[in-house]
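Fold and geometry: a report
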Amino acid sequence: MDTLIAQLQRQFRDYTISLYHQGFLDDQFTELKKLQDECSPDFVAEVVTLFFEDCEKLISNMARALDQTGNVDFKLVGSSVHQLKGSSSSVGAKRVKGLCVTLKECCDSQNYEGCVRCLQQVDIEYKTLKAKLQDLFNLEQQIVQAGGRIPQVDI
């Protein structure tokens, strides 16, 4: 059992480090993790779940607004992308936040094709991050279920 726990903890460390090195996460995610303790063991997962729910709504709103060919409300899209950028920044979703900056620039210049392209990239990136964080949270659960402690990962 100790061997299993050690192996899971090593996987957790390596996977966490890879998420930072690949640019999926930044230091804000580390700060968010520091707020989690025994009293709120699922704090990060809950915050991230809310973030992904917001992502879905905001991306859907932007897609609908961009679907109005010839009558696109760039202010509405810009407002939604601003919200998404803020929430991405709050949870440390580095790649999503970076794409939001580019999408906002496209909105400001009313570049329709750029907006559509960027929104597609945001959608892909958010879904990729969601899957990767779900894998990370699953690893955490496996460690706890095996009787281990989640290791502190220094980046």
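Right above here is the structure, for reference.
These remarks concern the structure in this document. Keep in mind it's a predicted model, so treat the numbers as computed, not measured.

On to the packing of aromatic side chains. Enumeration according to the criterion identifies two aromatic pairs in this entry. Ring plane angle 55° and centroid distance 5.1 Å describe the contact between Phe 51 and Phe 52, whose orientation is recorded as tilted. Each member of the pair Phe 51 and Phe 52 is classed as buried. Consider the rings of Phe 52 and Tyr 126, whose centres lie 5.8 Å apart with planes at 40°: the pair is tilted. One end of the pair, Phe 52, is in helix H3 (residues 43-66); the other, Tyr 126, is in helix H6 (residues 112-145), and 74 residues separate them in sequence. Assigned by exposure class, Phe 52 and Tyr 126 land together as buried. Pairwise contacts between aromatic rings join Phe 51, Phe 52 and Tyr 126 into one cluster. Lying across the ring of Phe 24, Arg 95 places its NZ or CZ 3.9 Å from the centre.

A few words now on the nonpolar core. In this structure, Met 62, Leu 84, Leu 103, Leu 129 and Leu 133 are the most contacted members of the largest nonpolar core, which totals 46 residues. When contributions to this core are tallied by element, the ones reaching two or more residues are helix H1 (2-21), helix H2 (27-34), H3, helix H4 (74-91), helix H5 (94-108) and H6. Ranked by residue count, the leading element in this core is H6, at eleven residues.

At a minimum axis separation of 9 Å, H3 and H4 run at an interaxial angle of 160°. Taken together, the axes of H3 and H4 are roughly antiparallel relative to one another. Pair H3 / H4 crosses with left-handed handedness. For the pair H3 and H4, the contacting residues are Val 47, Phe 51, Cys 55, Leu 58, Ile 59, Asn 61, Met 62, Ala 65 and Leu 66 in the first and Leu 76, Val 77, Ser 80, Val 81, Gln 83, Leu 84, Ser 87, Ser 88 and Val 91 in the second. Considered class by class, the residues forming the contact of H3 with H4 number 13 nonpolar, five polar and no charged.

Here the focus is the packing of H2 against H3. At a closest axis distance of 8 Å, the pairing of H2 and H3 adopts a crossing angle of 130°. The angle between the axes of H2 and H3 places the two elements in the oblique class. Of the two elements, H2 crosses H3, and the hand of that crossing is right-handed. Mapping the contact onto sequence places Phe 29, Leu 32 and Lys 33 in H2 and Phe 43, Val 44, Val 47 and Val 48 in H3. In terms of residue class, the contact of H2 with H3 is built from six nonpolar, no polar and one charged.

Cut-offs and rules
- Residues numbered from 1 in each chain as written.
- Predicted model: local features only at pLDDT ≥ 70, side-chain atom pairs only at ≥ 80, totals over all residues.
- Heavy atoms only, no water.
- Phe/Tyr/Trp six-rings, centres within 6.5 Å; stacked < 30°, edge-to-face > 60°.
- Buried < 20%, exposed > 50% of the residue type's maximum accessible area, 1.4 Å probe, protein only.
- Helix = DSSP H or I, 4+ residues; strand = E, 2+ residues; numbered from the N terminus.
- Lys NZ or Arg CZ within 6 Å of the ring centre and 35° of its normal.
- Core = buried A, V, L, I, M, F, W, Y, C linked by side-chain atoms within 4.5 Å.
- Axes fitted to C-alpha atoms, helices over the stretch in contact; angles between N-to-C directions.
- Parallel < 35°, antiparallel > 145°, perpendicular 65-115°, else oblique.
- Left-handed = near helix turned anticlockwise from the far one by under 90°.
- Contact = heavy atoms within 4.5 Å.
- Nonpolar A, V, L, I, M, F, W, Y, C, P; charged D, E, K, R; others polar.

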